Amino acid sequence: GPLPKLSDAEVLTIEIVGEFLGLGTDEAIFRYFRRHYGEWFPAIGELHRTTFLRQSANLWKVKERLWQELLVLAPHDPAFAICDSMPLPACLFARAYRCSRFKGEAAFGKDTLLKQTFYGFRMHVRVCWPGVITHFSVAPANVHELRVVPQIVDGTSGLIVGDRNYHSPKTKEELAGMSIELLAPYSSKKKDPTPERSAFLSRLRYRIDTVFSQLVGRYSVKRVWARDMWHLSSRLLRKVLSHTVAFVLNHRIGNQPLQLSRLLI
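Only a predicted model underlies this, so the values are computations on that prediction, with no experimental measurement involved. Throughout, residues of each chain are indexed from 1 in the direction in which the sequence is written. Owing to the predicted nature of the model, reporting of local features is limited to residues with pLDDT of at least 70; listing and counting of side-chain atom pairs is limited to 80 or more, with chain, interface and lining totals taken over all residues. Side-chain measures were taken over the full set of non-hydrogen atoms in the model, leaving aside hydrogen atoms and water.

Draft legend 1. How the structure looks around the packing of aromatic side chains. Two rings belonging to Phe, Tyr or Trp (six-membered ring only in the last case) form a pair when the distance between their centres is within 6.5 Å. Interplanar angles under 30 degrees mark stacking, angles over 60 mark edge-to-face geometry, and anything in between is tilted. In the structure shown here, the tally under the stated rule is 12 aromatic pairs. Where Phe30 meets Phe52, the ring centres are 5.4 Å apart and the plane angle is 45°; that geometry is what we call tilted. Taken together, the residues span a long stretch of sequence, with Phe30 in helix H2 (residues 26-36) and Phe52 in helix H3 (residues 49-58) at a distance of 22 residues. For the pair Phe30 and Phe52, one class covers both residues: buried. Ring plane angle 80° and centroid distance 5.0 Å describe the contact between Phe102 and Phe121, whose orientation is recorded as edge-to-face. Of the two residues, Phe102 is situated in the loop between strand E1 (77-89) and strand E2 (107-111) and Phe121 in strand E3 (residues 116-129); the sequence distance between them amounts to 19 residues. Comparing Phe102 with Phe121 shows no difference in burial state: the two are buried. Pairwise contacts between aromatic rings join Tyr32, Phe33, Tyr37, Trp40 and Phe41 into one cluster. A ring has a charge above it when a Lys NZ or an Arg CZ is no more than 6 Å from the ring centre and no more than 35 degrees off the ring normal. The ring of Trp129 has Arg207 sitting right over it, with the charged end atom 4.3 Å from the ring centre. Each helix corresponds to a stretch of at least 4 residues labelled H or I by DSSP, and each strand to a stretch of at least 2 residues labelled E; elements are numbered beginning at the N terminus. Only protein chains enter the accessibility calculation, which uses a 1.4 Å probe; a residue whose area is less than 20% of its type maximum is buried, one above 50% is exposed, and one in between is partly exposed.

Draft legend 2. Inspection of the packing of H3 against helix H9 (residues 229-253) at higher detail. Running from N to C, H3 and H9 cross one another at 80°; their axes reach a closest spacing of 10 Å. Classified by the angle their axes make, H3 and H9 are roughly perpendicular. Only Trp230, His231, Ser234 and Arg238 of H9 make contact with H3, whose side of the interface consists of Ser56, Ala57 and Asn58. Along the lines of polarity and charge, the residues of the contact of H3 with H9 split into two nonpolar, four polar and one charged. Interaxial angles span 0 to 180 degrees and are taken between N-to-C directions of axes, which are lines fitted to C-alpha atoms, for helices over the stretch in contact. Comment on the angle field: the value is read as roughly parallel under 35 degrees, roughly antiparallel over 145, roughly perpendicular from 65 to 115, and oblique elsewhere. By definition, residues are in contact when any of their heavy atoms lie within 4.5 Å. By the convention adopted, Pro, Cys, Tyr, Trp, Phe, Met, Ile, Leu, Val and Ala count as nonpolar, Lys, Arg, Asp and Glu as charged, and the other residues, Gly among them, as polar.

Draft legend 3. View of the side chain of Asp26. Its place among the elements puts Asp26 in helix H2. Any pair of nitrogen or oxygen atoms within 3.5 Å is treated as a polar contact; in protein, a donor-acceptor pairing is required on top of that, and neighbouring residues in sequence qualify only through side-chain atoms on both sides. Among the polar contacts listed, one links the side chain of Asp26 to the side chain of Arg235, at a separation of 2.9 Å. With near-sequence residues (within four places) excluded, Asp26 lies in contact with Leu53, Arg235 and Arg238.

Shown next as C-alpha cells:
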C-alpha cells in the first residue's frame, strides 16, 4: 500500500515523549503534538486522528523489539529482580456488572492497598535492579500472583524477590528447577519465624514500589481507556517503553536512572 505520511520513527517518537509528558490517551497525544509541535512533524497536520491511532497500534511489534533492544543498553543486574502486581480497574466498581468492555476476560479481584474489590485485571511486573522493567504480563484480577510468576521469569535465572503473597514452598521448589531462587517473607506477619529476614526482603522490594508509583503517577497506567485486550496490551507496552527510554537517558547524562523528573530540567 501507500507509504504513511508520518514515518514509523516519527510516530514512535510522538508516542514515547507523549507518554513521558503524562498524556495518557491516544487522542491527548495526537492533539498535543499537532498543536504544539506541528513544525517538527509537518505531516501530522494532514492526518486524521484515527489514521494516526491505527498506525500507532500496528507498531506494537516494533515497540516490543525496540524495548528489548533498549534493555541491552540499560544498566541493570539480570540476576537480581523484584516481582509484584498492581490492579488495573476496567471501570468503576458500581458499573462493573453492566460494563461491556473486556467481557469474558476481566474479573473481580481484591485491591490489597485500598482494601476493596475491583473489576478488571492485574499487571504483573518483573523489575531488575536498580529499577528497569524487563518483563510484564496482564491477567484477570482473580488470578493469583503465584500462577503468573512462571510467565514473568521465563528465560531468566538468579534471584527474584516478592512480597508475602509470593511465599510458597511449592512454587519455590518449581522455580529452583529453572535456576531461579524465589525469596519472599513468610505469608503471615504474626506467625513469621524470621521477622528480621522478612524486614530485609521488604526493604529490598521497595524499589518496585518506586517504579509502580511512576507508572501510576506519570504514565496513568491505571486509567484503562482501551476496549479490548489487544489495545490494552499495546498501550501498556508503550508506557513501559517510554519508562525504559527515560531510564536509559538518565543513565546516559549521569542522573540517577529513576529520577525521571530530572529529564525536564
